[in-house]
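# Structural description and commentary
Listed below are the residues making up each chain.
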Amino acid sequence: MKKFGLIVAASALALAACGGGEESGSSGSSEEASKDIKLGATAGPYSDMLNQAIVPGLEEKGYTVEIVEFSDYIQPNVALDGGDIDANLFQHTIYLENFEQEQGMDLSALTTVPTAPMGIYSNQFDSLEAIEDGATIAIPNDPVNGARALLMLEAEGLVELDPEADVLQASERDVVTNTKNLVFQPIEAGQLPRAVDGSDLAAVPGNFALAAEMNLLDALVLENMPDEYRNVVAVTAENEDSELAADLVEVVESEEFEAVIDAEFEGFGKPEWMAE
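Presented here is a report on the structure given in the accompanying data block.

Rules and cut-offs
- Residues numbered from 1 in each chain as written.
- Predicted model: local features only at pLDDT ≥ 70, side-chain atom pairs only at ≥ 80, totals over all residues.
- Heavy atoms only, no water.
- Phe/Tyr/Trp six-rings, centres within 6.5 Å; stacked < 30°, edge-to-face > 60°.
- Helix = DSSP H or I, 4+ residues; strand = E, 2+ residues; numbered from the N terminus.
- Buried < 20%, exposed > 50% of the residue type's maximum accessible area, 1.4 Å probe, protein only.
- Lys NZ or Arg CZ within 6 Å of the ring centre and 35° of its normal.
- Salt bridge = Lys/Arg side-chain N within 4 Å of Asp/Glu carboxyl O.

## Here we look at the packing of aromatic side chains
According to the stated counting rule, one finds six aromatic pairs in the structure shown. A ring pair is formed by tyrosine 73 and phenylalanine 90, whose centres lie 5.7 Å apart and whose planes are at 70°; its orientation type is edge-to-face. Taken together, the positions of tyrosine 73 in the loop between strand 2 (64-70) and helix 4 (75-81) and phenylalanine 90 in strand 3 (residues 87-92) put the pair 17 residues apart, joining distant regions of the chain. Overall, tyrosine 73 belongs to the buried group, its relative accessible area being 15%. Ring pairs connect the aromatic residues Tyr73, Phe90, Tyr95 and Phe99, which therefore count as one cluster. One cation-aromatic arrangement involves lysine 35 over tyrosine 63; the distance from NZ or CZ to the ring centre is 4.1 Å. The ring of tyrosine 229 carries arginine 148 above its face, with NZ or CZ at 5.0 Å from the centroid.

Below, the structure is given as structure tokens:
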């Protein structure tokens, strides 16, 4: 798991500015200056989530918000750690924990948000039951996302994994039962939307499916992801108890936030706390 951060960052590359305010990371010491903040996200659904579901609530609380978009999975945390932004939204808990350990950072997840799940897509079959013996399936070639694909297949009864396998890094070598004799084609995660045409099946992470303008609800099955794989709003550890951190959590836990998710982010899997 220690290698995960760099692996996923690399796959995402082929597949967040204020000064040091006391609480929010904004420049200056006045209350007014502390309300000028920058939030980072990778371009796409989570930048959209900030703009549509989070920024309006912060603005109602008096914040002036600028969204900074990034094109990879490394710079949003570098910018956060360096004080160039005040919070980010793009990564799940496992990635965050491994990244901060490997890079010597001290970051904190504030709250989990609805996240686009991985899905199994096909232009050849209209259901899992219709999958033919020996069908090809493209899966992510990085350990964690590849393991997620295999766990989806296991949950659907298509494969069985070695009980001794590391569920976070299981590979096709850990498949002990393959009921449809699926032929696995590990490829870079960012290329998986294209693989829907080139393979019988493809396990496509949600962010890449959306970037390719795929409809999440077109999947034969969507991942029932554990919360560890859902994205989080993150800040530096020193700002975990700041006013901004508390306001971010309050906005995300509001009825207004959930209403926007239901209307604009169809297919996104909600974290456990939203089902309580």
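## A few points about unusual backbone geometry
Positive phi values are uncommon outside glycine, yet asparagine 181 reaches one of about 50°. With respect to the element layout, asparagine 181 can be found in the loop between strand 8 (175-178) and strand 9 (183-187). The phi angle at glutamate 213 is positive, at roughly 60°, despite the residue not being glycine. If you trace the backbone, glutamate 213 turns up in the loop between helix 8 (206-211) and strand 11 (221-222). Among the residues examined, glutamate 213 registers a relative accessible area of 75% and is labelled exposed.

## Some details on the pattern of salt bridges
On inspection of all chains with the given rule, the structure shows seven salt bridges. Note that lysine 35 is salt-bridged to glutamate 243, the shortest N-O span being 3.2 Å. In this pair, lysine 35 sits in the loop between helix 2 (31-34) and strand 1 (36-42) while glutamate 243 sits in helix 9 (residues 243-252), placing the two residues 208 residues apart along the sequence. Classification of lysine 35 by relative accessible area gives buried; the value is 13%. Put simply, glutamate 250 and lysine 61 hold a salt bridge, and the shortest N to O gap is 3.1 Å. Remark: lysine 61 occurs in the loop between helix 3 (45-60) and strand 2 and glutamate 250 occurs in helix 9; sequence separation between them is 189 residues. Lysine 61 sits in the partly exposed class, given a relative accessible area of 27%. One connected set of salt bridges, linked through shared partners, spans Glu258, Asp262 and Lys270.

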